[in-house]
Amino acid sequence: MHSASLPCELTVQSELGGRAYPVLPNPPDKRGLRSSTPQPSPAPIFGESKQAEPPHLDRIQQQNTKSAKRAPPTASNMAHVATGKPVGGSKEQSGGGLRYPTSGKTIYHRPLNRSKTSELSQASFAYLFSEMISYAQKRVTGIQDLEKRLNLQGHPIGLKLLDLLLIREPARTQARPLNIIALLHFIKINIWQHLFGRQADRLEKSSNPDTPDEYMIIDNEPLVNAYVSVPREMSQLNCAAFVAGIIEGVCDGAAFPARVTAHSVGGKEEGEMWPGKTVFLVKFQPEVLEREALIGKG
Amino acid sequence: MSYYFAIIGTQDNPLFEYEFGTSKQGGDGQPRFSEQARHLNQFILHSSLDIVEEVQWTSNQLYLKAIDKFFNNYISCFLTAGNTKFLLLHQPTGGGAAAGPGGNSSNTRSSTSIGANPTSAATEEAVKNFMGEVYENYVKATMSPFYKVNMEIRSLVFRARVAAAGRKYL
């Protein structure tokens, strides 16, 4: 009987006491619970507690033992929590400023290589990614706009990945990419390996003499598109625009400003081997090529 | 020997600065810049950004060594992959005058020490190690989901880590 309400009580308690951070605005929920103790005295339901005075602990316990089954656990049991040891942090709050985790460990105490080989469930990523797409899809005017937003979501990831993956390299081979080829190799090998667990399939330079600033990174089967089926009327859309944003972030961060877009090239004919084949078109700004020519000379 | 360390973002915007003194040879870790020099330091450091931009395309190393000199001030530069610059200005104080009472015995050695000769291989190595440690902490700072590139680094933990690296190597 009583145990029926117990789990709830426990979760509330652990919720309050066992937070990683002494999150400060705890008074709202705590106070809210405490002040709610007197009012929702289950008088109308049970008919036995007529008074609305602040609950006495032993009376609550009596109540619980008598009519615990339907007793709303939040009302009565919270009294234990509220009178229990104060949830840490109210002191720090009055001082304002920085908050530290109760363990004293900050992001600076974590080794950078710990999660080097750990992997993430693809299902949870797919779920998150679908939410990201529907978030980006709100109030967009067209497919280009939607791709632009996905691109923007990826951009900061690329900027940060650049430094993270470089510092994870062995110290002897740590080198900043100085030319386009070195940068694209870094993307094809290191970035892809980190994000998708394999290298990109091909790297190509545009054979069109009018566009020497265009390079292509080709992925036969982009991981992010694994569970994405694009409706027919939006066939222009390729959700790997998110990955294109990551690539763009890497290029921008390394001082090779570029525009990167994702294009589906597969699915044109029946029985194709890679219907989801995607080309990431990297178009560098003119100043990058100019500098490239100068460095090549020097 | 006094040091002035600054992190400069990709838009030439300062993200972090820290002044300290040597802890080697009995130094107490306090900077010995005059009040006037402290203002000047920022100018000297930022003026070397032009040289950084020239040097950065000639070497693919992260640590670019001592790149600039202004009278008695030497500037070492470390460039991250994301084009954030770590600049360290070091100002040797002549003849170990800043060394504390315990530093007298080491005066004979100080000509080869880190403090006295900013361009020696030993100094370069020490600065490189210092920069490497700061780089690691900088990357950790950027890993925070609330940190965006080119934001000022306000973390006190970060500052303490830089100070510790300074004590350890310089």
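Residues numbered from 1 in each chain as written. Chains lettered and ligands numbered in written order. Predicted model: local features only at pLDDT ≥ 70, side-chain atom pairs only at ≥ 80, totals over all residues. Heavy atoms only, no water.

### As for helix α8 (residues 143-168) of chain A
With 26 residues, α8 of chain A should reach 38 Å at 1.5 Å per residue; the first-to-last C-alpha distance of 37 Å fits that figure. The sharpest bend along α8 of chain A comes to roughly 25°, located at L161 of chain A. (Helix = DSSP H or I, 4+ residues; strand = E, 2+ residues; numbered from the N terminus. Expected span 1.5 Å × (residues − 1). Bend = angle between axes of the 7 residues up to and from the residue.)

### Some details on the packing of helix α3 (residues 121-143) of chain B against helix α4 (residues 156-169) of chain B
A pair of packed helices can be characterised by two numbers: the angle between their axes and the separation between those axes. All names here are of chain B. Two elements in contact, α3 and α4, have axes separated by 9 Å at closest approach and are oriented at 165°. In terms of orientation, α3 lies roughly antiparallel with respect to α4. The interaxial crossing formed by α3 with α4 has right-handed handedness. Residues A126, N129, F130, E133, V134, N137, Y138 and K140 of α3 form the contact with α4, whose own contacting residues are F158, R161, V162, A165, G166, K168 and Y169. (Axes fitted to C-alpha atoms, helices over the stretch in contact; angles between N-to-C directions. Parallel < 35°, antiparallel > 145°, perpendicular 65-115°, else oblique. Left-handed = near helix turned anticlockwise from the far one by under 90°. Contact = heavy atoms within 4.5 Å.)

### Quick look at unusual backbone geometry
Even without glycine at this site, D12 of chain B takes up a positive phi of about 60°. Of note, the phi angle at N150 of chain B is positive, near 75°, even though the residue is not glycine.

### Some details on the packing of aromatic side chains
Applying the stated criterion across every chain yields a total of 20 aromatic pairs over all chains. An angle of 70° between the planes, with centres 5.4 Å apart, marks the rings of W192 of chain A and F196 of chain A as edge-to-face. Of this pair, W192 of chain A and F196 of chain A both sit in helix α9 (residues 180-196), 4 residues apart, roughly one helical turn. Accessibility classification places W192 of chain A together with F196 of chain A in one group, the buried group. Centroid distance F5 of chain B to F130 of chain B: 5.3 Å. Interplanar angle 85°. Geometry classified as edge-to-face. Residue F5 of chain B is located in strand β1 (residues 2-8), and its partner F130 of chain B is located in helix α3; the two are separated by 125 residues in the primary sequence. Between R291 of chain A and the ring centre of W57 of chain B, over which it is positioned, the NZ or CZ distance is 3.7 Å. (Phe/Tyr/Trp six-rings, centres within 6.5 Å; stacked < 30°, edge-to-face > 60°. Buried < 20%, exposed > 50% of the residue type's maximum accessible area, 1.4 Å probe, protein only. Lys NZ or Arg CZ within 6 Å of the ring centre and 35° of its normal.)

### A look at the interface of chain A and chain B
Often the size quoted for an interface is simply the accessible area lost on bringing the parts together. Taken residue by residue, the interface counts 27 residues in chain A and 32 residues in chain B. Surface buried jointly by chain A and chain B totals about 2500 Å² across both partners, of which 66% is contributed by carbon and sulfur atoms. Our count for the chain A to chain B interface comes out at 0 salt bridges. Linking chain A to chain B there are 12 residue pairs in polar contact (both at pLDDT 80 or more). Here the element with the most residues in the side of chain A that touches chain B is α8 of chain A; it accounts for 7 residues. A breakdown of the residues in the side of chain A that touches chain B according to their chemical character gives 18 nonpolar, 4 polar and 5 charged. (Buried area = accessible area lost by both parts, 1.4 Å probe. Salt bridge = Lys/Arg side-chain N within 4 Å of Asp/Glu carboxyl O. Polar contact = N/O pair within 3.5 Å; in protein donor to acceptor, adjacent residues only side chain to side chain. Nonpolar A, V, L, I, M, F, W, Y, C, P; charged D, E, K, R; others polar.)

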